[in-house]
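Take a look at the letters that make up each chain.
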Amino acid sequence: MLAQIIEYSAKNRFLILFLVFFLSIWGVWAMRQVPLDAIPDLSDVQVILYTEWPGRSPDLVEDQITYPIVTSMIAAPKVKNVRGQSMLGFSFVYVIFEDDVDIYWARSRVLEYMQGAADKLPEGVTPRLGPDATGVGWVYEYALVDPSGLHDLAALRSFQDWTLRYWLQSVPGVAEVASIGGFVKQYQVNLDPNRLSAYNIPIRDVIEKIRMSNNDVGGRVIEQAGREYIVRGRGYIRSVDDLRKVVLGTDLRGTPVRVADMAAVTIGPDIRRGVVELDGEGEVVGGIVIMRYGANALQVIEGVKDKLKEIAPSLPEGVKIVPTYDRSQLIHASIDTLKEELIKLAVVVSAVTLVFLFHLPSAFVVMMTLPVAILISFILMSYLKITSNIMSLGGIAIAIGAMVDASIIMVENAHKRLEGAAGVGEGKERDRVAIIISAAQEVGPSLFFALLIITVGFLPVFALQGHEGRLFKPLAYTKTLAMFFSALLAITLTPVLMTLFIRGK
């Protein structure tokens, strides 16, 4: 069968060359579509559940929140591990799924099983899903600075939380923009317990009155003189004075008792768990851009940079955005290093082939299989969602030396057969193309299976699981694909090129 494929390919040169050209163009397109990153993503398929219960101790959070959620999640399908962590006022539950699970299927299962755990949680406590990102999703970081001094850390943090982060979250591939540093602005009501006791007003009444006063209400429509007027009550608190005027009740003489009579109302910062400093010059406000699961890291970073350039004129006066971490530099450095090594390997292989064959057209036949096989490999890499990184491109580098073996042997055998035919009498000399086809059929099938045997040498790598599998499988995939397509080209493209370029001289 392989001998028939070789003969068919050599006699239908236009069809084979057209298919190779089409696949090469497709490969160039796929190479541009394959996500670029520095290293493979070794993260587990996990879903994070975050629950906030302010002021509660870690043991209470563990008993009332973490334990009910963990016991509900362990029954979910394809769950490998469930890990809980309880802190003061916070609970984190990490649901880790098997490696072959789709992240969005996993998030749907977690939401489904959370419905069963909702009744076991304290009233008013609602768990939230973490972003659909991985452990290596941290791709970009920036700092907001104001050398002019017009804006303090609270103003910078407010701009980051309410404006800038939403601009950046609109970039395709961005899962979350986390804010760090600065001061989160709060309306703070500092109650005087002596006054509360004197007026017999419990703290829960203060909380309820402030909550009720911070609201807009709707009325009905009044028609008058052919017009409709909408009646509504406007009650949103917009300043400290509004908060001070909230009525808590009345005293014995019927005089309203306001919040201002019971407390000192100010604007202050929330409790901080850390600070952010830039170059030892003082505190700043920062933002961390988290990439969505499976997104192209380089495209996401470039999209964030373009968005920052676009919104630069809209920044407050004196505010600047300073990049503090940019993974694209590492990605470009890693990919450029591998490209350089791949080019060196290809040049060395081509030079050795040219020296030993000592025939430029014959060396061209061998050298053509290298770029074509690599380009076709990128087609399957794109559809298998294999990222271009130091491991996947390293697999191609490992395979380069063996990819040309079959073509070299076929070219040498064709030369030997043509030399033998040239020594026969002129009337008995066979057709050149027929000799080349016969020479290719003589060694082609054996070379094809020899390359396949080399190809299957990395098959045990596909049995690796966990972090080892995620680290080495990209290398095994690309090496296997490159060797397979080089073997396929040896029985299709190589005979065609031999009939075109080998003249027996």
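Residues numbered from 1 in each chain as written. Predicted model: local features only at pLDDT ≥ 70, side-chain atom pairs only at ≥ 80, totals over all residues. Heavy atoms only, no water.

### Quick word on the pattern of salt bridges
Applying the stated criterion across every chain, the model contains 17 salt bridges. The partner of Arg 327 in a salt bridge is Asp 37, and the shortest N-O contact between them spans 3.1 Å. Here Asp 37 lies in the loop between helix 2 (13–33) and strand 1 (45–52) and Arg 327 lies in helix 11 (residues 327–357), a separation of 290 residues in the sequence. Residue classification places Arg 327 among the buried positions, given a relative accessible area of 8%. (Salt bridge = Lys/Arg side-chain N within 4 Å of Asp/Glu carboxyl O. Helix = DSSP H or I, 4+ residues; strand = E, 2+ residues; numbered from the N terminus. Buried < 20%, exposed > 50% of the residue type's maximum accessible area, 1.4 Å probe, protein only.)

### A short note on the sheet that holds strand 6 (residues 174–181)
Taken in spatial order, the four strands of this open sheet run 6-13-5-14, and their pairing is antiparallel. Edge positions in the sheet fall to strand 6 and strand 14 (320–326), since each of these pairs with one other strand and no more. Pairwise comparison of adjacent strand axes, ignoring direction, gives a mean angle of 25 degrees for this sheet. Where strand 5 (residues 138–145) lies against strand 14, six bridges are found, and the strand directions are antiparallel. Residue pairing across strands places Tyr 142 opposite Pro 323, the latter belonging to strand 14. Sheet strands touched by helix 5 (residues 153–169): strand 5, strand 6, strand 13 (285–291) and strand 14. Its angle to strand 6, the strand with the most contacts, is close to 175 degrees. (Pairing = 2+ DSSP bridges. Axes fitted to C-alpha atoms, helices over the stretch in contact; angles between N-to-C directions. Contact = heavy atoms within 4.5 Å.)

### Structural notes on the layout of surface pockets
The space that makes up the largest pocket amounts to roughly 2,000 Å³. Lining the largest pocket are 45 residues; nearest its centre among them are Tyr 50, Glu 52, Phe 90, Arg 157 and Ser 179. Of all the secondary-structure elements, those providing two or more residues to the lining of the largest pocket are strand 1, strand 3 (90–97), strand 4 (128–129), helix 5, strand 6, strand 7 (185–191) and strand 13. Broken down by class, the residue content of the lining of the largest pocket amounts to 22 nonpolar, 13 polar and 10 charged. Approximately 1,200 Å³ is the volume attributed to the second largest pocket. Taken together, 37 residues make up the lining of the second largest pocket; nearest its centre are Tyr 293, Leu 384, Lys 385, Ile 386 and Thr 387. Of all the secondary structure elements, the ones that give two or more residues to the lining of the second largest pocket are helix 4 (103–117), helix 12 (360–383) and helix 16 (466–490). Its residues assigned to classes, the lining of the second largest pocket shows 20 nonpolar, nine polar and eight charged. (1 Å grid on protein atoms, 1.4 Å probe; cavity = no way out; pocket = protein on both sides within 12 Å on 5 of 7 lines; lining within 4 Å. Points joined across faces, edges and corners; volume = space filled by probe spheres on them. Nonpolar A, V, L, I, M, F, W, Y, C, P; charged D, E, K, R; others polar.)

### Re the sheet that holds strand 2 (residues 79–87)
As summarised here, the arrangement of the four strands in space is 2-3-1-4, forming an open sheet in which the pairing is antiparallel. Each end of this open sheet is capped by a strand with a single partner; those strands are strand 2 and strand 4. Lying on the sheet, helix 3 (residues 58–73) is in contact with strand 1, strand 2 and strand 3; it crosses strand 2 at an angle near 165 degrees. Across the sheet, helix 4 touches strand 1, strand 3 and strand 4, and the angle it forms with strand 1 is around 40 degrees.

### Observations concerning the packing of aromatic side chains
Scanning the model with the defined rule gives 10 aromatic pairs in all. On the numbers, 5.2 Å between centres and 40 degrees between planes, the contact of Tyr 50 with Phe 92 is tilted. Here Phe 92 lies in strand 3 and Tyr 50 lies in strand 1, a separation of 42 residues in the sequence. Measuring from centroid to centroid gives 4.7 Å for Phe 462 and Tyr 477, while their planes differ by 70 degrees, and the two rings are edge-to-face. Here Phe 462 is found in the loop between helix 15 (432–455) and helix 16, whereas its partner Tyr 477 is found in helix 16, with 15 residues between them in sequence. By relative accessible area, which is 23% here, Phe 462 ends up partly exposed. The partly exposed category is assigned to Tyr 477, whose relative accessible area is 31%. Taken together, the aromatic side chains of Tyr 50, Phe 90, Phe 92 and Tyr 94 make up a single cluster linked through ring pairs. If you follow Arg 109 out to its NZ or CZ, it ends over the ring of Trp 105, 5.0 Å from the centre. Taking the ring centre of Tyr 166 as reference, the NZ or CZ of Arg 165 above it sits at 5.7 Å. (Phe/Tyr/Trp six-rings, centres within 6.5 Å; stacked < 30°, edge-to-face > 60°. Lys NZ or Arg CZ within 6 Å of the ring centre and 35° of its normal.)

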